[in-house]
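# Descriptive analysis of the structure
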Amino acid sequence: MFAPIVIGLRNQIGKAQFNQLRGKAIALHCKTITNFCNRIGVTPPERQKLIRIARDNGKSLGLLA
């Protein structure tokens, strides 16, 4: 779904700059997930399990580029 956009952006700005931007986005996303899980009482092992499930679902659905 978003893969063509991601690939186009990577080609346009270059791989090095894209990886820096991607790293910042991933860090922000992880921080948001952690804060949410802490607020509702999800333990770190449960959070990791949920993240793995979401990653695997994203791969299956073709959402990861």
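Let me sum up the structure you'll find in this document. Keep in mind it's a predicted model, so treat the numbers as computed, not measured. (Residues numbered from 1 in each chain as written. Predicted model: local features only at pLDDT ≥ 70, side-chain atom pairs only at ≥ 80, totals over all residues. Heavy atoms only, no water.)

With that settled, the discussion passes to the overall build of the protein chain. Helices and strands together make up the secondary structure of the protein chain, namely three helices and zero strands. Shown N-terminal to C-terminal, the secondary structure of the protein chain runs as helices and strands in the order α-α-α. For a compact globule of 65 residues, the expected C-alpha radius of gyration is about 11 Å, and the protein chain comes in at 14 Å, more than 25% above that figure. In terms of its C-alpha atoms, the protein chain occupies a principal-axis envelope of roughly 40 × 25 × 15 Å. Expressed as a percentage of the 65 residues in the protein chain, the buried residues total 9%. If you sum the accessible surface of the protein chain, you get close to 5400 Å²; carbon and sulfur atoms cover 62% of it. (Helix = DSSP H or I, 4+ residues; strand = E, 2+ residues; numbered from the N terminus. Rg over C-alpha atoms; globule rule 2.2 N^0.38 Å. Buried < 20%, exposed > 50% of the residue type's maximum accessible area, 1.4 Å probe, protein only. Areas by Shrake-Rupley, 256 points an atom, 1.4 Å probe, with all protein chains shown as cover.)

Right, let's get into the packing of aromatic side chains. Applying the stated rule across the entire model yields zero aromatic pairs. Stacked on the ring of F18, the Lys or Arg R10 has its end atom at 6.0 Å from the ring centre. (Phe/Tyr/Trp six-rings, centres within 6.5 Å; stacked < 30°, edge-to-face > 60°. Lys NZ or Arg CZ within 6 Å of the ring centre and 35° of its normal.)

So, on to the environment of C37. Positionally, C37 belongs in helix 2 (residues 15-40). Sequence spacing of C37 and K15 is 22 residues, and the spatial spacing of their C-alpha atoms is 32 Å. Discounting chain neighbours no more than four positions away, the residues touching C37 are V42 and R47. (Contact = heavy atoms within 4.5 Å.)

Worth remembering: the numbers are spatial, not functional.
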